[in-house]
Each structure stands twice: as C-alpha cells, then as structure tokens.
Amino acid sequence: MRLDVVTIFGEYLQPLQLSLIGKAQAQGLLDVRVRDLREHTHDRHRTVDDTPYGGGAGLLMKPEPWGEALDAVLADPPEDADPRGPVLVVPSPVGEVFTQRAAVELAAEPWLVFACGRYEGIDARVVEHYRTRVRVREVSLGDYVLNGGEVAVLAITEAVARLLPGVIGNAASLTEESHAPEHDGLLEHPAYTKPASWRGLDVPAVLAGGNHAAVERWRRDEALRRTATRRPDVLARLDPERCDARDLAV
Ligand SMILES: N#Cc1c(-c2ccc3ccn(Cc4cccnc4)c3c2)n[nH]c1N
C-alpha cells in the first residue's frame, strides 16, 4: 500500500517510522511518502493561510498550494493504483466518524492520500474540486476538536496498516478484537494472564477449567454485557440473525 501525506508538519508523522508500521515499510508492505505543503508556495514567506471570506476568527488554508501539491501527488501514481485513483482522506471535525469498518474499507485500497489541514481547516473548494477527480472521504476521529489532521493520520494509518497481510504477526488475533466485523463489532471480553490470583483478585474459574465451549460462552456473554453497558449504540447495530437465545438473555 502506498500512503501519501501532505502536511506543513512532516515531523508529526515521524512515529510512522517506528514499531510495526516502520517494520512494514522496511518489508515493503507500506510505502509512506510525506510531502511538505510549503514546497508548493511561491512567495517569500511560503504562505499557506489567509483570512476567511465573510469574516470570523482564525485563518484558513489557501487552495492554491493544496491544488499544486495534490496534483503533484496524483501525477505520480503507484503501479498498482486503482483505475479510479486513490482515496483522498481528509481529516476534519466535520467528517464521518472513523470506525473499524472504514479501516477495513481503506485497507483494501492500494493507494491512500491524506490531506492534513491546520489552522481552521482547508478552503472548501479543495475537497469540492478533488471530488470530481478522485474518491474523497472526510473523516473525524470523534466529537472533539484537534489542532490539525496529523494526529488523525497517525491513528488512521495504524488502524489500516495493521489490517494488511504480514503486518501483524498473528493475523488470527485481528478477528477477536473489539469492533472486528467477525466479532459482530462487539467490545472485547475481559482478558487475563498469569498469575491465577493477584492482590486477592482471581481469574474467572471458567477460563482455567479447560471447557472450551464454556469459555466461548463466557467470553460472548462478557462481550455482550460490556457492549450493552458501555456502547449501547454498537449493540443496537447487532444483527439479530447472528444472535442465539443465550445472547438475547444477557
Ligand atoms: N480528524 C479529525 C479531527 C479534527 C481536525 C482535523 C483536521 C483539522 C485541520 C484543522 N483543524 C483545526 C480546526 C479547529 C476548529 C475547526 N476546524 C478545524 C483540524 C481538526 N478535530 N477533531 C477531530 N476528530
């Protein structure tokens, strides 16, 4: 997978050189290219922002540098690019909330381009223009306000890259995680390791009993219980077709 990131704060993306994502790049599973938006300015001050039409607090990012930068990215596609081009992912407080389902969808793409805004965001014409050329997804990490898109790119890149074959050593674990489609999107059950007793707290006996059917039942019950108390919105999306009578009794 090729990832292009356009930003004025390239150093924010340094963590992508670490750990599993860094290893995936070394293995050739991921090709991350960070482009400095300021390379696409032509004034002495390398200006990327200006005041908003109609007034209002703060500054907006000018469309011209974005147009030049994104055109340069699109002019250099990877060999395995989709005929429709990349998905342009634009982190934004007004975007669709990013979910595991979106991570799975993006992980199926050979090429993602991220546009990291700063200030009060990017001139709206940039997204409008590129919607006519590529698939655009404006995404939000959640209902709180960050100072820019770089943190979202780190989160989205990690969520997507870990789904790529070969990035996570034990791919089977991906299907047992919270929000995994194979897990009906439920939150994960509580997990325990040795010792069997710690500070007076014991591991649930069923988990050490060797009865795998009982363990699976306990785990499903705990996942349903956790989801019902912490994320009733997720439980509401549970497909009744995938529930048995015991599920509904929890
Ligand atoms: N993803 C995501 C986000 C962002 C986010 C993403 C990109 C930018 C570019 C600028 N700002 C600051 C800003 C401040 C106020 C109004 N509009 C924009 C961004 C915030 N905030 N919260 C999220 N979940």
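The structure we're discussing is the one just above.
Note that the coordinates shown come from a computational prediction; the quantities given were computed from them, not determined experimentally.

Rules used in this analysis
Once a new chain begins, its residue numbering starts again from 1 and follows that chain's sequence as written. For this predicted model, a pLDDT threshold of at least 70 governs which residues receive local features, and a threshold of 80 or more governs which side-chain atom pairs are given and counted, while totals over whole chains, interfaces and linings are taken from all residues. Values reported for side chains reflect all heavy atoms of the structure, with hydrogen atoms and water molecules removed beforehand. Helix and strand definitions here come from DSSP, where helices need a minimum of 4 consecutive H or I residues and strands a minimum of 2 consecutive E residues; each element is numbered from the N-terminal end. Three labels apply to residues, based on accessible area from a 1.4 Å probe with only protein chains included: buried if under 20% of the type maximum, exposed if over 50%, partly exposed otherwise in between. Any two residues whose heavy atoms approach within 4.5 Å are treated as being in contact. Here the rule is simple: two strands pair whenever DSSP picks up at least two bridges between them. If you view a crossover with the strands going away from you and the path from the first strand over the helix to the second runs clockwise, you call it right-handed. We call Phe, Tyr and Trp rings a pair once their centres come within 6.5 Å, taking the six-membered ring for Trp, and we label the pair stacked below 30 degrees between planes, edge-to-face above 60, and tilted otherwise.

S.K.: Could you give me a rundown of the environment of tryptophan 218, with the residues and numbers involved?
M.R.: Within the secondary structure, tryptophan 218 sits in helix 7 (residues 212-230). Taking relative accessible area as the criterion, tryptophan 218 reaches 18% and is therefore assigned buried. Apart from residues lying up to four places away in sequence, tryptophan 218 is in contact with Pro190, Tyr192, Pro204, Val206 and Leu207.

S.K.: So what about the pairing of strand 2 (residues 31-36)? Which residues, and what values?
M.R.: Bridge count between strand 1 (residues 2-7) and strand 2: six bridges; the pairing is parallel. Note on strand 2: the bridge partner recorded for threonine 7 is aspartate 36. Each parallel crossover has a hand, and for strand 1 linked through helix 1 (residues 19-26) to strand 2 it is right-handed.

S.K.: Account for the packing of aromatic side chains, naming residues and giving values.
M.R.: With the rule as written, the count across this model stands at two aromatic pairs. Both rings, one in tyrosine 192 and one in tryptophan 218, keep their centres 6.4 Å apart while their planes meet at 50°; by these two values the pair is tilted. With a gap of 26 residues between them, tyrosine 192 in the loop between helix 5 (150-161) and strand 8 (197-198) and tryptophan 218 in helix 7 connect regions that are remote in the sequence. On the basis of relative accessibility, which here comes to 43%, the residue tyrosine 192 falls in the partly exposed class.

S.K.: Please provide a residue-by-residue account of the pairing of strand 6 (residues 111-115), values included.
M.R.: A large share of strand 6 lies buried, amounting to five of its five residues. The alternating pattern of strand 6 places Trp111, Val113 and Ala115 and Leu112 and Phe114 on opposite faces, both of which are buried. Across five bridges, strand 1 lies against strand 6 in parallel orientation. Paired with arginine 2 across the two strands is tryptophan 111, which belongs to strand 6. Note: strand 5 (residues 87-97) against strand 6, three bridges, orientation parallel. The residue bridging valine 89 from the neighbouring strand is phenylalanine 114, located in strand 6.

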